[in-house]
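Each chain, letter by letter, is given below.
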Amino acid sequence: RFHHTSTSHWCSCSKTISDEKYQDPFQLGKKDLKNLYEDIKKELLVSAAELKEMCDYYFDGKGKAFRPMIVVLMARACNIHHNNSKEVQASQRSVAIIAEMIHTASLVHDDVIDDANSRRGKRTLNQIWGERKAVLAGDFILSAASVALARIGNTTIISVLTQVIEDLVRGEFLQLGSKENENERFAHYLEKTFKKTASLIANSCKAVSILGCPDPKVHEIAYQYGKNVGIAFQLIDDVLDFTSCADHLGKPTAADLKLGLATGPVLFACRQFPEMNAMIMRRFSKPGDVERARKYVLQSDGVQQTTYLAQRYCHAATREIRKLRPSPEREALVHLTEMVLMRDK
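Residues numbered from 1 in each chain as written. Predicted model: local features only at pLDDT ≥ 70, side-chain atom pairs only at ≥ 80, totals over all residues. Heavy atoms only, no water.

As recorded in an unreviewed UniProt entry, the chain goes by All trans-polyprenyl-diphosphate synthase PDSS1 and comes from Sylvia atricapilla. Per UniProt, the chain has the following entry under Cofactor (unreviewed entry): "Mg(2+)". UniProt lists a comment for the chain under the heading Subcellular location (unreviewed entry), and it reads "Mitochondrion". (UniProt positions renumbered as here; feature names shortened; annotations may be inferred.)

Chemist: Which residues make up the packing of helix α10 (residues 182–212) against helix α11 (residues 216–243), and what are the values?
Modeler: The geometry of a pair of packed helices is captured by two quantities: the angle between their axes and the separation between those axes. Contact geometry for α10 and α11: axes closest at 7 Å, N-to-C directions at 145 degrees. For the pair α10 and α11, the sense of crossing is right-handed. (Axes fitted to C-alpha atoms, helices over the stretch in contact; angles between N-to-C directions. Helix = DSSP H or I, 4+ residues; strand = E, 2+ residues; numbered from the N terminus. Left-handed = near helix turned anticlockwise from the far one by under 90°.)

Chemist: Can you tell me about the confidence of the model for the chain, naming the residues and giving the values?
Modeler: Of all residues in the chain, 92% have pLDDT values of 70 or greater, and the mean over the chain is 90. Across the chain, element-level confidence peaks in helix α17 (residues 302–321) with a mean pLDDT of 98 and bottoms out in helix α1 (residues 7–10) with 34. Low confidence marks residues 1–20, where pLDDT is under 50. Its contacts with residues over four positions away, or in another chain, come to 35 contacts. (pLDDT = per-residue confidence, 0-100. Contact = heavy atoms within 4.5 Å.)

Chemist: Account for the packing of helix α4 (residues 49–58) against helix α8 (residues 131–152), naming residues and giving values.
Modeler: Contact geometry of α4 with α8 gives a least axis separation of 10 Å together with a crossing angle of 75 degrees. By the angle class used here, α4 and α8 are roughly perpendicular. Contacts from E50, L51, M54 and C55 in α4 reach K133, A134, A137, F140 and I141 in α8. Split by residue class, the contact of α4 with α8 holds 7 nonpolar, no polar and 2 charged. (Parallel < 35°, antiparallel > 145°, perpendicular 65-115°, else oblique. Nonpolar A, V, L, I, M, F, W, Y, C, P; charged D, E, K, R; others polar.)

Chemist: I'd like a description of the side chain of H219, backed by residues and values.
Modeler: With respect to the secondary-structure elements, H219 resides in helix α11. Here H219 falls in the buried class, since its relative accessible area comes to 13%. Beyond its immediate stretch of four places on either side in the chain, H219 contacts K206, S209, I210, C213 and P214. (Buried < 20%, exposed > 50% of the residue type's maximum accessible area, 1.4 Å probe, protein only.)

Chemist: Any chance you could break down the packing of aromatic side chains for me, citing the residues and the numbers?
Modeler: Across all of its chains, the model carries 7 aromatic pairs by this definition. Here the aromatic rings of Y37 and F59 are separated by 6.4 Å at their centres, their planes lie at 40 degrees, and the arrangement is tilted. With Y37 in helix α3 (residues 36–43) and F59 in the loop between α4 and α5 (66–83), the pair connects residues that are 22 residues apart, well separated along the chain. Residue F59 is classed as buried on the basis of its relative accessible area of 0%. Ring geometry for Y57 versus Y58: centroids 5.4 Å apart, planes at 50 degrees, classification tilted. Taken together, the ring pairs in this structure connect Y57, Y58 and W129 into an aromatic cluster. In this arrangement the basic side chain of R67 is found over the ring face of F233, its NZ or CZ atom lying 5.3 Å from the centre. (Phe/Tyr/Trp six-rings, centres within 6.5 Å; stacked < 30°, edge-to-face > 60°. Lys NZ or Arg CZ within 6 Å of the ring centre and 35° of its normal.)

Chemist: How would you sum up the environment of L190? Please name residues and give values.
Modeler: Mapped onto the secondary structure, L190 falls in helix α10. Owing to a relative accessible area of 17%, L190 belongs among the buried residues under this scheme.

Chemist: How would you explain the pattern of salt bridges if you had to name every residue and give the values?
Modeler: If you walk through the whole model with that rule in mind, you get 17 salt bridges. One salt bridge connects K133 with E50, and the closest N-O pair in it is separated by 3.0 Å. Here E50 lies in helix α4 and K133 lies in helix α8, a separation of 83 residues in the sequence. A residue is classified by how much of its surface remains accessible, and E50, at 36% relative accessible area, is partly exposed. (Salt bridge = Lys/Arg side-chain N within 4 Å of Asp/Glu carboxyl O.)

Chemist: With reference to specific residues and values, describe a nonpolar patch on the surface.
Modeler: Residues I113, V169, F173 and L176 make up a contiguous nonpolar surface patch of roughly 430 Å² in combined accessible area. Broken down by element, the nonpolar patch gets its largest block of residues, 3 residues, from helix α9 (residues 155–176). Position of L176 among the secondary structure elements: in helix α9. Given a relative accessible area of 56%, L176 falls into the exposed group. (Patch = residues over 30% accessible without salt bridge, like charges linked within 9 Å, V, L, I, M, F, W, Y side chains within 5 Å. Areas by Shrake-Rupley, 256 points an atom, 1.4 Å probe, with all protein chains shown as cover.)

Chemist: Tell me about the environment of A316, and name the residues and values.
Modeler: Inspection of the secondary structure assignment puts A316 in helix α17. Sequence separation between A316 and V229 is 87 residues, and the spatial gap between their C-alpha atoms is 8.5 Å.

Dropping the structure here:
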């Protein structure tokens, strides 16, 4: 279904924004994200010095704040759509803070599960403080996010955002399993991708739309935009694991193969090199499996096909967000879909 290998066809999406007034999402969202990390640290007030140091480690202000930025832009776009309000509500900004806290807690736990030694170009919590303390730090960040969520005082919002936490756990379990059947395997991969990455963006976008606009159609637009952008983001992440150098990426390359994971590029490559099936089922555990699988992926059109699939998801996100009234924030969210496709780390 996704076999479109013509390069000209594959690249045809790059001009989608050329007719639009350019809006830099990061510049536009900057005002609402000012002091974001200081505000997160206030949520993490804790007397134990070591736990405080661990919690502050990733909230150092050097992250891209990609998820909070999408959330505040979506909040503004929905507010403008509903009643031309140009301000982000305090509760909507709280959702952006909570989204970043949930995301970071999940990274801390992921690094423990994966026994990872680097993240964002520096050593992981589990490498410095050990696995047990890292798990507890992740739990603490998640509990602080839950307290902040309860403070919003809206049961619908609580329900929408706690779904994210359930999805993160279910996604991790999906990642630990694999499917024998090739078609089931791809569906399994996309479901895992949604639960582990896209659910947070989709449900955070939905939450701010609920806070800003009573129309269920707008809630669905926000959710679908976040879902499609989130899946595309992870597909590109999986591509970069094969095409980017470790220094640039901030974490080791071929990391997924080393963890026994068959991502999009591998699953597409498997169609050209069926001998990879056995490697996938044994989770690349035999000596030489990782190197061979990486070579097959780079010889195949797996990277190209995964990128093309990401483009399809970005097009779907663009189609959704264009249903809202025109605004600079709407255009920035359109432009963001291009940035997701073009990113190199």
